[in-house]
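Notes for the structure review
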Amino acid sequence: MDQIKTGFAKQLFFWPSKNISRAIPIILLLGFFTGILTDISSLKKLILPITVLMIYPTMIGFKANEILGFAHGKLLVTVMLLNFLLIPAFAYLLGTQFLLNEPELFAGLAITSLLPTSNMTIAFTMLAKGNVPASIKMTTLGLLLGSFLAPWYLYLLVGKYVPVDILATIKTIALVILIPLILGVLTYNYLLKKYSQDYFQKQIKPYLPASSTWGMVLIIFISMGMNAQRIASHLDVFAVAFGVQLVFYAVNYGVAILLGRKFFEEKDSLTLVFSTVLRNLSISIGLAATAFGSNAALMVSLAFLIQGQAAAGFIKLNEKYSLLTSKRKTIGG
């Protein structure tokens, strides 16, 4: 009986992370109906501690030395230019065209555009048989640069439309990124002193993304619940926000595919795509909720509905139609 209970508890623990495409819509609906039936605004004070606890597991095993070395230089420059110039500029264009009446949603879109790459980047690159070492470098550097640049970019992108306290944003980033990063590095070093690398990879690491996902779904639930009454009375705003996120991802895919076809071999092209179209949504939603409120977090929540499914769909389409292989590459070798 105890084994059955343990097995069920383990299945329940891993279910959201293994079924993210189903878990997010369920949590959004649950949060919506809960918010319609009752006031859950008192849960807002839990967002910051949940965010820190959510991001901390993702930082265990983080290796800053992955960015050292000069390999993958052309790919690195292309990815960074896309992530920190073109994509934020496109987000600004979308925001000024469609979200000026909803500045917090604009802020959520801006945050999504400023924090690139996550563990999903490495995972999808591996699944698609891309350049994994390059993907690790892009992910590590993207997190460090994004953390440093985000407060200043947010001020430039949305400071005219929604108050951006740079000092407060830096403090928030320190709380939700740097402190979990430091704790994650310390925890990883401690674990390696106590256990072997093989034990960590097989027995501990699988639990880390699963525990982080529970924090993520809690933030999504609270954000949706706090906005439920407003969404119910302004479904048009919700539809516009979702449409903006769809366009944001579609154009990002289009640009990354075109650049990959023109300038890189397929393995590097796959890394280029997943290092730019996949955003660090777990950190984004925490930063959005703590720095700008539940509306901004809701905007990031909508990206969760798109990102994973789009990446999985892209792998299938590329395998079927060779989207990243141009005629020039085929002829040339």
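Here, the structure is the one placed above.
Residues numbered from 1 in each chain as written. Predicted model: local features only at pLDDT ≥ 70, side-chain atom pairs only at ≥ 80, totals over all residues. Heavy atoms only, no water.

Within the chain, the regular secondary structure consists of 15 helices and 0 strands. Against the globule reference of 20 Å for 333 residues, the chain gives a C-alpha radius of gyration of 20 Å, in line with a compact fold. Expressed along its principal axes, the backbone C-alpha trace of the chain runs to roughly 65 × 55 × 40 Å. Counting over 333 residues, the chain shows a buried share of 50%. Once local pairs closer than 6 in sequence are excluded, the contacts in the chain between residues at least 24 apart make up 82%. If you average the places of the 26 positive and of the 12 negative side-chain charges in the chain, the two averages end up 6 Å apart. (Helix = DSSP H or I, 4+ residues; strand = E, 2+ residues; numbered from the N terminus. Rg over C-alpha atoms; globule rule 2.2 N^0.38 Å. Buried < 20%, exposed > 50% of the residue type's maximum accessible area, 1.4 Å probe, protein only. Contact = heavy atoms within 4.5 Å. Lys, Arg positive; Asp, Glu negative; His and termini not counted. Charge placed at Lys NZ, Arg CZ, Asp CG, Glu CD.)

Here we come to empty space enclosed by the protein. To locate leftover empty space, one rolls a probe as large as a water molecule over the atoms. Per the counting criterion, the structure on display carries 2 cavities of 30 Å³ or more. In this model, the largest cavity occupies a volume close to 50 Å³. L105, R230, I231, H234, V237, F238, A241 and L298 together form the lining of the largest cavity. Elements represented by at least two residues in the lining of the largest cavity include exactly helix 10 (207-233) and helix 11 (235-263). Broken down by element, the residue count for the lining of the largest cavity peaks at 3 residues, all from helix 11. Here the residues of the lining of the largest cavity are counted per class, giving 6 nonpolar, 1 polar and 1 charged. A volume near 30 Å³ is recorded for the second largest cavity. Lining the second largest cavity, in full, are L82, I87, N252, V255, A256 and T276. Ranked by residues supplied to the lining of the second largest cavity, first place goes to helix 11 with 3 residues. (1 Å grid on protein atoms, 1.4 Å probe; cavity = no way out; pocket = protein on both sides within 12 Å on 5 of 7 lines; lining within 4 Å. Points joined across faces, edges and corners; volume = space filled by probe spheres on them. Nonpolar A, V, L, I, M, F, W, Y, C, P; charged D, E, K, R; others polar.)

In this structure, I24 sits in helix 2 (residues 20-37). What makes I24 buried here is its relative accessible area of 1%. Along the primary structure I24 and L145 are separated by 121 residues, whereas in three dimensions their C-alpha atoms are 28 Å apart. Beyond its immediate sequence surroundings of up to four residues, I24 is in contact with M216, I220, S301, F304 and L305.

Considered as a void within the structure, the largest pocket measures approximately 1400 Å³ in volume. Taken together, 46 residues line the largest pocket, and the ones lying closest to its centre are S118, N119, M120, A123 and P209. It is helix 10 that contributes the most residues to the lining of the largest pocket, 6 residues altogether. Across the lining of the largest pocket, the residue classes tally to 22 nonpolar, 19 polar and 5 charged. Of the pockets and cavities examined, the second largest pocket occupies roughly 160 Å³. Lining the second largest pocket, in full, are W15, P16, A23, I26, I27, L30, W214, V217, L218 and F221.

Moving on to a nonpolar patch on the surface. Where nonpolar side chains cluster on the molecular surface, the patch consists of L48, L175, I179, I182, L183 and L186 and spans about 490 Å² of accessible area. Within the element layout of this structure, I182 appears in helix 8 (residues 166-194). Residue classification places I182 among the exposed residues on the basis of a relative accessible area of 51%. (Patch = residues over 30% accessible without salt bridge, like charges linked within 9 Å, V, L, I, M, F, W, Y side chains within 5 Å. Areas by Shrake-Rupley, 256 points an atom, 1.4 Å probe, with all protein chains shown as cover. Salt bridge = Lys/Arg side-chain N within 4 Å of Asp/Glu carboxyl O.)

The full count for this structure, using the stated rule, is 13 aromatic pairs. Each ring, one from F106 and one from Y161, has its centre 5.6 Å from the other, and the planes form 35°; the classification is tilted. With F106 in helix 5 (residues 103-114) and Y161 in the loop between helix 7 (132-158) and helix 8, this residue pair connects regions lying 55 residues apart in the sequence. For Y161, a relative accessible area of 26% translates into the label partly exposed. Among the aromatic side chains, those forming a connected cluster through ring pairs are F124, Y253, F274 and F314. Residue placement shows K74 over the ring face of F264; its charged tip is 5.1 Å from the ring centre. (Phe/Tyr/Trp six-rings, centres within 6.5 Å; stacked < 30°, edge-to-face > 60°. Lys NZ or Arg CZ within 6 Å of the ring centre and 35° of its normal.)

On to helix 12 (residues 266-277), then. For helix 12, which comprises 12 residues, the first-to-last C-alpha distance of 16 Å matches the rise-based estimate of 16 Å (1.5 Å per residue) to within 8%. Here helix 12 lies mainly inside the structure; 9 of its 12 residues are buried. The set of residues buried in helix 12 consists of S269, L270, T271, L272, V273, F274, S275, T276 and V277. (Expected span 1.5 Å × (residues − 1).)

What follows is about the environment of T51. Relative to the elements of secondary structure, T51 occurs in helix 3 (residues 47-59). Sequence separation of T51 and T276 is 225 residues, and the distance between their C-alpha atoms is 23 Å. A distance of 2.7 Å separates the side chain of T51 from the backbone oxygen of I47, its partner in a polar contact. (Polar contact = N/O pair within 3.5 Å; in protein donor to acceptor, adjacent residues only side chain to side chain.)

Once that is clear, we can look at the packing of helix 11 against helix 14 (residues 294-321). The N-to-C vectors of helix 11 and helix 14 enclose an angle of 35°; their axes lie 10 Å apart at closest approach. The element helix 11 and its partner helix 14 pack so that their crossing is right-handed. In this structure, helix 11 uses F238, A241, F242, V244, Q245, L246, Y249, Y253 and I257 to contact helix 14, whose residues at the interface are M299, V300, L302, A303, L305, I306, Q307, A310, A311 and F314. The class makeup of the residues in the contact of helix 11 with helix 14 is 17 nonpolar, 2 polar and no charged. (Axes fitted to C-alpha atoms, helices over the stretch in contact; angles between N-to-C directions. Left-handed = near helix turned anticlockwise from the far one by under 90°.)

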